[in-house]
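# What the coordinates show
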Amino acid sequence: MKIEKDRVVRFHYTVSEQGSEPLETSEGRDPLAILIGHNNIIPGLEKAMEGHEAGDKFEVDVVAADAYGVRQDGLTQRVPKKYFKDTKLEVGMQAVLQTNFGPRAVTIQKIGMSVVDVDLNHPMAGKDLHFAVEIVDVREAVKEEIEHSHVHGDGGHAH
């Protein structure tokens, strides 16, 4: 079965900045499960998967604009320190803030007595990425998965 919109794909991946050592891999863990065509992964990787089948292995380079976007200068915000709870903050570290739109990864820029300046760009924004991918399996999505825009069950979300 070929990968296309409204199909569930389970896959392993290794990602690195182009020309660098791996940043993250799913090897040694369960494969990642996504619903194709519902913005569950970066657009460049999803597009590269289309037409592949279970057992396929491939590599693809994804430019920043099709990954986590280009870095935007001045995309910073001052946040009250209380929103970081008891986290020991250090300049340059990654943290996750809970927002009205869900969790948001930020980078700590400056720490004051009661406020923290954060960079709102995704930590991988502006980076051209290289992926090594192995497609584990592909199946038709069930109606509820399509309605909810994510995978349920094995490797997916449980309600």
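Below, the structure is looked at part by part.

Criteria and cut-off values
Residues numbered from 1 in each chain as written. Predicted model: local features only at pLDDT ≥ 70, side-chain atom pairs only at ≥ 80, totals over all residues. Heavy atoms only, no water. Helix = DSSP H or I, 4+ residues; strand = E, 2+ residues; numbered from the N terminus. Buried < 20%, exposed > 50% of the residue type's maximum accessible area, 1.4 Å probe, protein only. Contact = heavy atoms within 4.5 Å. Polar contact = N/O pair within 3.5 Å; in protein donor to acceptor, adjacent residues only side chain to side chain. Core = buried A, V, L, I, M, F, W, Y, C linked by side-chain atoms within 4.5 Å. Pairing = 2+ DSSP bridges. Axes fitted to C-alpha atoms, helices over the stretch in contact; angles between N-to-C directions.

Another point: the environment of Arg78. If you trace the backbone, Arg78 turns up in strand E5 (residues 76-80). Classification of Arg78 as exposed rests on a relative accessible area of 53%. In sequence terms Arg78 and Arg139 are 61 residues apart; their C-alpha atoms lie 45 Å from each other. Leaving out residues up to four positions away in the same chain, Arg78 has contacts with Val115, Val116 and Asp117. Here the side chain of Arg78 touches Asp117 through a polar contact of 2.7 Å, side chain to side chain.

For the rest of this paragraph, the subject is the nonpolar core. Of all hydrophobic cores here, the largest spans 22 residues; its most connected members are Phe11, Leu45, Met49, Phe131, Val133 and Ile135. Take this core: its biggest share by element is 5 residues, from strand E9 (residues 129-140). Discounting residues that sit within four places of it in the chain, Phe11 has contacts with Ser26, Pro31, Leu32, Ile34, Leu45, Met49, Val133, Glu134, Ile135 and Val136. Core analysis: the next-biggest nonpolar cluster, separate from the first, contains 10 residues, Leu89, Ala95, Ile108 and Val118 among them.

One open sheet accounts for 4 strands, arranged E5-E8-E7-E6; its pairing is antiparallel. Edge strands, defined here as strands with exactly one partner in the open sheet, are E5 and strand E6 (94-99). Going from strand to strand, the sheet's axes swing by 50 degrees on average, the running direction of each strand aside. When strand E7 (residues 102-111) meets strand E8 (residues 115-119), the two strands line up antiparallel, connected through 4 bridges. Looking across to E8, one finds that Thr107 is bridged to Asp119.

Taking burial as the measure, the 11 residues of strand E1 (residues 7-17) include 9 buried ones, the bulk of the element. Note: E1 against E9, 11 bridges, orientation antiparallel. Each bridged residue has a counterpart across the sheet, and for Arg7 the counterpart in E9 is Glu140. When E1 meets strand E3 (residues 32-35), the two strands line up antiparallel, connected through 4 bridges. Note on E3: the bridge partner recorded for Val8 is Leu35. Relative to strand E2 (residues 22-25), E1 is paired through 3 bridges, and the arrangement is antiparallel. Across the sheet, the residue bridging to Ser16 is Pro22, located in E2.

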